[in-house]
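# Tertiary structure, described
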Amino acid sequence: MSERTPGRGRRPGADSDPSLRPILITGICGRLGRRLARRLHREQRVIGVDRRSFDGRPKDIEHHQFDIRRKKTQDIFRQEQLAAVVHLGVMHDPRVSQMEHHSWNLAGFQRLLEFVAQYDVPKLVVLSSANAYGPRPDNAQFLTEDAPLLGGASFSEIRDLIEVDMLAQSFFWKHPQTETVILRPVHILGSVRNAPSNYLRLNVIPTLLGFDPMVQVIHQDDVVSAIVAALRPGVRGIFNLAGPPPLPLSRVIEMTGRTRAAIPHFVMQTIIPRLWRFRATSFPAPELDHIRYVCMVDDRRAREILGHTHAHDIQETVQAVDDIT
């Protein structure tokens with residue numbers, strides 16, 4: 001039996017009935033992954049791969065608790081005729097070694113792409129980030145999907161994300177039989193444990209004296225809605241995702257109800273690396289550019305092709321950082 005022939009583990013009728021074909025979500029135990037799984041599982045089978053546990057998992061969601069780099073991942077592709085793969089399993093922890101980052105993000109993703117091609121998966125959705133463009137003093141006011149990905153120039157931990165994005169782009173051109181979608185959301189706010197949400201949860205939020213850049217944020221549930229829209233048949237390409245209209249950083253902080261402290265840039269450059277080294281902050285020094293320079297995107301393609309519009313206004317989006325669910 002060839003690798004492309006349905007295996008004995010596939011469910012009867014899966015070939016003829018698309019609704020019986022499951023969606024595979026990598027990184028399903030992250031906060032976005034959980035929210036996406038709960039959105040999808042009522043209408044379609046959901047299979048997740050994540051080495052973390054899935055506490056409170058709905059019984060009809062199938063969870064495989066192992067590393068996507070394991071050979072067991074291929075067994076899922078072999079046994080199930082997948083309708084789509086949603087890749088959320090990108091490691092963002094800047095405290096993890098570069099070697100582990102590279103192995104997890106790139107070697108793991110390359111293997112995933114091989115399986116998508118080998119087993120003729122018709123849809124691939126990859127969650128990238130608008131951070132890949134990089135905050136820079138010479139940025140255009142709104143960056144389109146054609147703008148170069150320069151975010152890794154000063155922040156090495158972003159380089160893996162850019163390489164994942166580039167691998168997905170290459171796959172898009174080499175394997176046109178798979179509808180590949182790359183989503184680049186602006187700063188995601190909510191219960192997610194990412195840099196922008198962690199920053200806005202600080203009791204006293206530091207800013208840089210003399211800098212008040214315009215920023216774009218998006219509610220975590222609006223990102224989930226965009227992923228669901230990207231799963232529609234016929235959708236392919238790269239899409240910037242933005243939420244409510246941009247605001248100055250100072251106004252966003254004001255909406256959290258927290259205190260803001262303006263500190264000179266040279267002082268922050270000196271203090272942050274020391275605090276980081278002693279684990280007294282979760283804010284790495286390269287993130288300073290995000291509260292210094294502009295990095296905003298044009299989301300016209302997402303609005304026109306995906307039909308994606310934000311459901312949460314700016315107040316709801318900012319206050320979502322205190323959401324504990």
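Just so you know, these numbers come straight off a predicted model, no measurement behind them. (Residues numbered from 1 in each chain as written. Predicted model: local features only at pLDDT ≥ 70, side-chain atom pairs only at ≥ 80, totals over all residues. Heavy atoms only, no water.)

## Thoughts on the overall build of the protein chain
For the protein chain, the helix and strand inventory stands at ten helices and 13 strands. Within the protein chain, contacts between residues separated by at least 24 positions form 73% of all contacts whose residues are at least 6 apart in sequence. Of the roughly 15,300 Å² of accessible surface on the protein chain, 52% is carried by carbon and sulfur atoms. (Helix = DSSP H or I, 4+ residues; strand = E, 2+ residues; numbered from the N terminus. Contact = heavy atoms within 4.5 Å. Areas by Shrake-Rupley, 256 points an atom, 1.4 Å probe, with all protein chains shown as cover.)

## Some details on the confidence of the model for the protein chain
Mean pLDDT for the protein chain: 88, with 87% of residues reaching 70 or above. Within the model, pLDDT remains below 50 along residues 1-9, and this stretch shows 13 contacts once partners closer than five positions in the same chain are excluded. (pLDDT = per-residue confidence, 0-100.)

## Topic: helix H6 (residues 220-230)
Counting buried positions over the eleven residues of H6 gives nine, a clear majority of the element. The complete set of buried residues in H6 reads Gln-220, Asp-221, Asp-222, Val-223, Val-224, Ala-226, Ile-227, Ala-229 and Ala-230. (Buried < 20%, exposed > 50% of the residue type's maximum accessible area, 1.4 Å probe, protein only.)

## Quick notes on the nonpolar core
Membership of the largest hydrophobic core comes to 45 residues, with the highest contact counts inside it found for Ile-25, Val-86, Leu-183 and Leu-306. The element contributing the most residues to this core is H6, with six residues. Residues in contact with Ile-25, not counting those within four places in the same chain, are Leu-36, Ala-37, Leu-40, Val-46, Ile-47, Gly-48, Val-49, Val-86 and Leu-88. Among the nonpolar cores identified, the runner-up in size contains 27 residues, and Leu-24, Leu-82, Phe-109 and Phe-115 belong to it. (Core = buried A, V, L, I, M, F, W, Y, C linked by side-chain atoms within 4.5 Å.)

## A short note on the environment of Leu-24
Here Leu-24 lies in strand E1 (residues 23-26). Residue class for Leu-24 comes out buried when judged on its relative accessible area of 0%. Sequence spacing of Leu-24 and Ala-37 is 13 residues, and the spatial spacing of their C-alpha atoms is 9.5 Å.

## Here's the deal with the sheet that holds strand E11 (residues 237-241)
Where strands meet in a sheet, backbone hydrogen bonds hold them as pairs that are either parallel or antiparallel. If you walk across this open sheet you meet the seven strands as E3-E2-E1-E4-E5-E6-E11, and the pairing is parallel. What marks the edges here is a single partner per strand, and that holds for strand E3 (61-64) and E11. Here the average twist between neighbouring strands, direction ignored, is 15 degrees. The sheet contact formed by strand E6 (residues 179-185) and E11 spans five bridges and is parallel. The partner of Leu-183 across the bridge, within E11, is Phe-239. (Pairing = 2+ DSSP bridges. Axes fitted to C-alpha atoms, helices over the stretch in contact; angles between N-to-C directions.)

## Some remarks on the environment of Leu-36
Here Leu-36 lies in helix H1 (residues 31-40). Its relative accessible area of 0% is what places Leu-36 among the buried residues. Between the alpha carbons of Leu-36 and Val-46 there is a distance of 9.7 Å; along the sequence they are ten residues apart. Sequence-distant contacts of Leu-36, defined by excluding residues within four places in its chain, comprise Ile-25, Val-86, Leu-88, Val-224, Ile-227 and Val-228.

## Structural notes on the pattern of salt bridges
A complete count under the given rule lists 15 salt bridges for this structure. Lys-123 serves as the salt-bridge partner of Glu-179, at 2.9 Å between the closest nitrogen and oxygen. Of this pair, Glu-179 sits in strand E6 while Lys-123 sits in strand E5 (residues 123-127); the two residues are 56 residues apart in sequence, bridging distant segments of the chain. Between Asp-322 and Arg-258 there is a salt bridge, and its shortest N-O distance comes to 2.8 Å. (Salt bridge = Lys/Arg side-chain N within 4 Å of Asp/Glu carboxyl O.)

## Some points on the environment of Arg-31
Take Arg-31: it is sitting in helix H1. In this structure the C-alpha to C-alpha distance between Arg-31 and Ser-191, which are 160 residues apart in sequence, comes to 6.9 Å. Dropping the residues within four chain positions of it, Arg-31 is found in contact with Ser-191, Val-192, Arg-193 and Thr-325. In terms of polar contacts, Arg-31 uses its side chain to reach the backbone carbonyl oxygen of Ser-191, at 2.9 Å. (Polar contact = N/O pair within 3.5 Å; in protein donor to acceptor, adjacent residues only side chain to side chain.)

## Some remarks on the packing of aromatic side chains
Evaluation of the coordinates by the stated rule reveals four aromatic pairs. Ring centres of Phe-172 and Trp-173 lie 5.0 Å apart, and the angle between their planes is 85 degrees; on these two criteria the pair is classed as edge-to-face. Ring centres of Phe-211 and Tyr-293 lie 6.5 Å apart, and the angle between their planes is 90 degrees; this geometry places the pair in the edge-to-face category. Linking Phe-211 in the loop between strand E8 (204-208) and strand E9 (214-215) with Tyr-293 in the loop between helix H8 (265-277) and helix H9 (300-306), this pair joins segments that are 82 residues apart in sequence. A network of ring pairs unites the aromatic residues Phe-77, Phe-115 and Tyr-119 as a single cluster. Lying across the ring of Phe-239, Arg-301 places its NZ or CZ 4.6 Å from the centre. (Phe/Tyr/Trp six-rings, centres within 6.5 Å; stacked < 30°, edge-to-face > 60°. Lys NZ or Arg CZ within 6 Å of the ring centre and 35° of its normal.)

## Observations concerning H1
Among the ten residues in H1, seven count as buried, and that is most of the element. Every buried residue of H1 is listed here: Leu-32, Gly-33, Arg-34, Arg-35, Leu-36, Ala-37 and Leu-40.

## Topic: the side chain of Ser-197
On the secondary structure map, Ser-197 appears in helix H5 (residues 195-200). Among the residues examined, Ser-197 registers a relative accessible area of 0% and is labelled buried. One polar contact links the side chain of Ser-197 to the main-chain amide nitrogen of Gly-190, over a distance of 3.3 Å. Filtering out sequence-adjacent residues up to four positions away, Ser-197 remains in contact with Ile-188, Leu-189, Gly-190, Val-192 and Val-321.

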